[in-house]
Amino acid sequence: MQIDLETRIVIITGPSTTGKSTLARSIKESSKINTLVISHDDIASIVNQNNPEQLVKEEFYEKLKKTIGKALKDLENELIIFDVPGIKEDYMWALLDLLAKYDEYQDNITIIKMDLPLKKHLKLMKKRMQSDPEVAFYYSGFDEYYETVISQRESYEGFDGSLYADFGKCIEYVIEDPKDVEITWSISKKYKKL
């Protein structure tokens, strides 16, 4: 599938282990312009998870807001990729609303929604369970990990999920395999260095 990147901001979303980070990394590595990847997991990793749930959410939101503001103000960041779960539609609207609050960015946004076939998704889950120590640490076994990810898929595909939601003026792509994506570049010249 061909994806033409013409916006400064790209959001890659979908359940765990669908290739979001792989695709974000691939775009960054092939990019001929300065590209920054902002990962939900990276921000979550610096939030104190020992606090009550509400405080964790508030701290995450504040850190995300600060990260977005800093990224947008730095015009060296010609392409900004968000690698986020965004399973629920309201999460995506909240992120889009947060981005819209910055005067530095008023253009369209590209959203890439991961939609792997279950068989391919299952294969990636098994591979990740064997190779990622974090997954092995957080889950007691493959069955627990599988149940968690399948629950995310069901939510993502459900009536309040983001997979089938329409996010207004955003340019949206749905892809089944990050390895089958071919990127072309049409980013506005106003973001290129003078």
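A quick note: this is a predicted structure, and the numbers were derived from the prediction, not measured.

As a further point, take the nonpolar core. Ranked by internal contacts, the top residues of the largest apolar core, which has 25 residues, are Ile-9, Ile-11, Ile-68, Phe-82, Leu-99, Ile-109 and Ile-111. Among the elements of the structure, strand S2 (9-13), helix H3 (53-73), strand S4 (79-84), helix H4 (89-100) and strand S5 (109-114) are those that each provide at least two residues to this core. Sequence-distant contacts of Phe-82, that is, excluding residues within four places in its chain, are made with Ile-9, Val-10, Ile-11, Ile-12, Ile-38, Ile-68 and Leu-99. One finds Leu-5, Ile-12, Tyr-173 and Ile-175 within the second-largest nonpolar core, a separate group that totals 19 residues.

Attention now goes to helix H5 (residues 118-131). Along an α-helix, a turn takes 3.6 residues, which lines up residues three or four apart on a common side. Along its 14 residues, H5 runs 20 Å from first to last C-alpha, staying within 8% of the 20 Å computed at 1.5 Å per residue. Every buried residue of H5 is listed here: His-121, Met-125 and Met-129. One side of H5 holds all its buried residues, which, seen down the axis, span an arc of 75°. Relative to its buried face, H5 has exposed residues pointing more than 90 degrees away, namely Lys-119, Lys-123, Lys-127, Gln-130 and Ser-131.

Turning our eyes to something else, we now look at unusual backbone geometry. At Thr-17, a residue that is not glycine, the phi angle is positive and equals roughly 65°. Positionally, Thr-17 belongs in the loop between S2 and helix H1 (20-30). Take Thr-17: its relative accessible area is 10%, and that puts it in the buried class.

What counts and how
Residues numbered from 1 in each chain as written. Predicted model: local features only at pLDDT ≥ 70, side-chain atom pairs only at ≥ 80, totals over all residues. Heavy atoms only, no water. Core = buried A, V, L, I, M, F, W, Y, C linked by side-chain atoms within 4.5 Å. Buried < 20%, exposed > 50% of the residue type's maximum accessible area, 1.4 Å probe, protein only. Helix = DSSP H or I, 4+ residues; strand = E, 2+ residues; numbered from the N terminus. Contact = heavy atoms within 4.5 Å. Expected span 1.5 Å × (residues − 1). Arc of directions from axis to C-beta.

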